[in-house]
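# Report on the structure
Chain by chain, the residues run as shown.
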Amino acid sequence: MSAIWILFGIMALIAVTLIVIYNGLVRLKNLAQEGWSGIDVQLKRRADLIPNLVQTVKGYAAHESGVFEKVTQARADATKAINPTDRGRAESALSGALMNLMAVAENYPDLKASQNFQQLQSSLADTEDQLQMARRYYNGAVRNLDTAIQSFPNNIIAGLFHFQPMAYFQLDDQNDRVAPKVSLS
């Protein structure tokens, strides 16, 4: 009779452990998804600001059509990307195009003095700050999830229930290291 109780106790302990591990993995996965949602919101906000910024600069620098086309194309590519890896590459290209646009704006004192441009530039800077915070949150949540998935005994439960590691959201640092080229000819 006591052997049955011991067996029942062991089975109950195993069941509780499985439930706790599974629920922990679900919680971590949901936190990572929440983090991605925060990034997505900020990227959408940035994408919505860009056409206004381009139109404002266009009014002052109409002959810079190549810069405007690159920003517009990079924005379109960024909004089409779905997974964090592709989105990171596309957003990196967009950041480079925006740096070129801002470099063009530097050459027009009237534009820099425009209240509309200053407001858009400030909104874009705020969005970039929010995006950086959202990216850190998401990458932290992904780190925690990936660590839990790869740790024993969680890896057994993660394998049984098909939990997969998630990708970090990283921008390509190449554009951050290259100075924008501006041609006024």
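Below, the structure is looked at part by part. (Residues numbered from 1 in each chain as written. Predicted model: local features only at pLDDT ≥ 70, side-chain atom pairs only at ≥ 80, totals over all residues. Heavy atoms only, no water.)

### Observations regarding the pattern of salt bridges
The condition is simple: A pair is scored as a salt bridge if a Lys or Arg side-chain nitrogen falls within 4 Å of a carboxyl oxygen belonging to Asp or Glu. Under the scheme used here, helices are H or I runs from DSSP no shorter than 4 residues and strands are E runs no shorter than 2 residues, and both carry numbers assigned from the N terminus.
Enumeration according to the criterion identifies seven salt bridges in this entry. A salt bridge links arginine 45 to aspartate 126; the nearest nitrogen and oxygen atoms lie 3.0 Å apart. One end of the pair, arginine 45, is in helix α1 (residues 2–60); the other, aspartate 126, is in helix α5 (residues 115–150), with 81 residues separating them in the sequence. One salt bridge connects arginine 46 with glutamate 91, and the closest N-O pair in it is separated by 2.7 Å. Residue arginine 46 is located in helix α1, and its partner glutamate 91 is located in helix α3 (residues 84–106); the two are separated by 45 residues in the primary sequence.

### With respect to a nonpolar patch on the surface
So the rule is basically this: Patch members must show over 30% relative accessible area and no salt bridge, and they are joined within 9 Å when carrying like charges or within 5 Å when they are nonpolar side chains of Val, Leu, Ile, Met, Phe, Trp or Tyr. Accessible areas in this description were obtained via Shrake-Rupley with a 1.4 Å probe; residue shielding takes into account the shown protein chains only. Type-normalised accessible area, obtained with a 1.4 Å probe on protein chains alone, sets the label of each residue: buried when under 20%, exposed when over 50%, and partly exposed for intermediate values.
Together, Tyr22, Phe152, Ile156, Leu160 and Phe161 make up a nonpolar patch on the protein surface, roughly 560 Å² of accessible area in all. Relative to the elements of secondary structure, isoleucine 156 occurs in helix α6 (residues 154–160). On the accessibility criterion, isoleucine 156 (44% relative accessible area) is partly exposed.

### Brief notes about the packing of α1 against α3
Spelled out, the test is: Between the N-to-C directions of two axes lies an angle of 0 to 180 degrees, each axis being a line fitted to C-alpha atoms and, for a helix, fitted only over the stretch in contact. Should an angle fall under 35 degrees it is called roughly parallel, over 145 degrees roughly antiparallel, and 65 to 115 degrees roughly perpendicular, with every other angle called oblique. By the definition used in this description, the sense in which the near helix is turned from the far one sets the handedness, with an anticlockwise turn below a right angle giving left-handed and a clockwise turn giving right-handed. In what follows, a contact means two residues having at least one pair of non-hydrogen atoms within 4.5 Å.
Packing of α1 against α3 leaves a shortest axis separation of 12 Å and a crossing angle of 30°. Relative to α3, the element α1 lies roughly parallel. Crossing of α1 against α3: the hand is left-handed. Side by side, α1 and α3 meet where Trp36, Asp40, Leu43, Arg46, Ile50, Leu53, Val54 and Val57 of the first sit next to Pro84, Arg87, Glu91, Leu94, Ser95, Leu98, Leu101, Met102, Val104 and Ala105 of the second.

### Things to note about the packing of aromatic side chains
Here is the rule we go by: Aromatic pairs are defined between Phe, Tyr and Trp rings, using the six-membered ring for Trp, whenever the two ring centres lie within 6.5 Å; interplanar angles under 30 degrees are classed as stacked, those over 60 as edge-to-face, and all others as tilted.
Within the structure shown, the criterion is met by five aromatic pairs. Aromatic side chains tryptophan 5 and phenylalanine 8 sit 6.0 Å apart centroid to centroid with 90° between the ring planes, which places their arrangement in the edge-to-face category. Placement of both tryptophan 5 and phenylalanine 8 in helix α1 is noted, with a separation of three residues, approximately one turn of the helix. Grouping residues by exposure puts tryptophan 5 and phenylalanine 8 together as exposed. Of the aromatic side chains, those joined through ring pairs into one cluster are Tyr22, Phe161 and Phe163.

### Some words on unusual backbone geometry
With omega at 5°, the peptide bond leading from phenylalanine 152 into proline 153 counts as cis. When you line up the elements, proline 153 lands in the loop between α5 and α6. Non-glycine residue histidine 162 carries a positive phi angle of around 60°. Relative to the elements of secondary structure, histidine 162 occurs in the loop between α6 and α7 (174–177). For histidine 162, a relative accessible area of 64% gives the class exposed.

Don't take any of this as a statement about function, it's just geometry.
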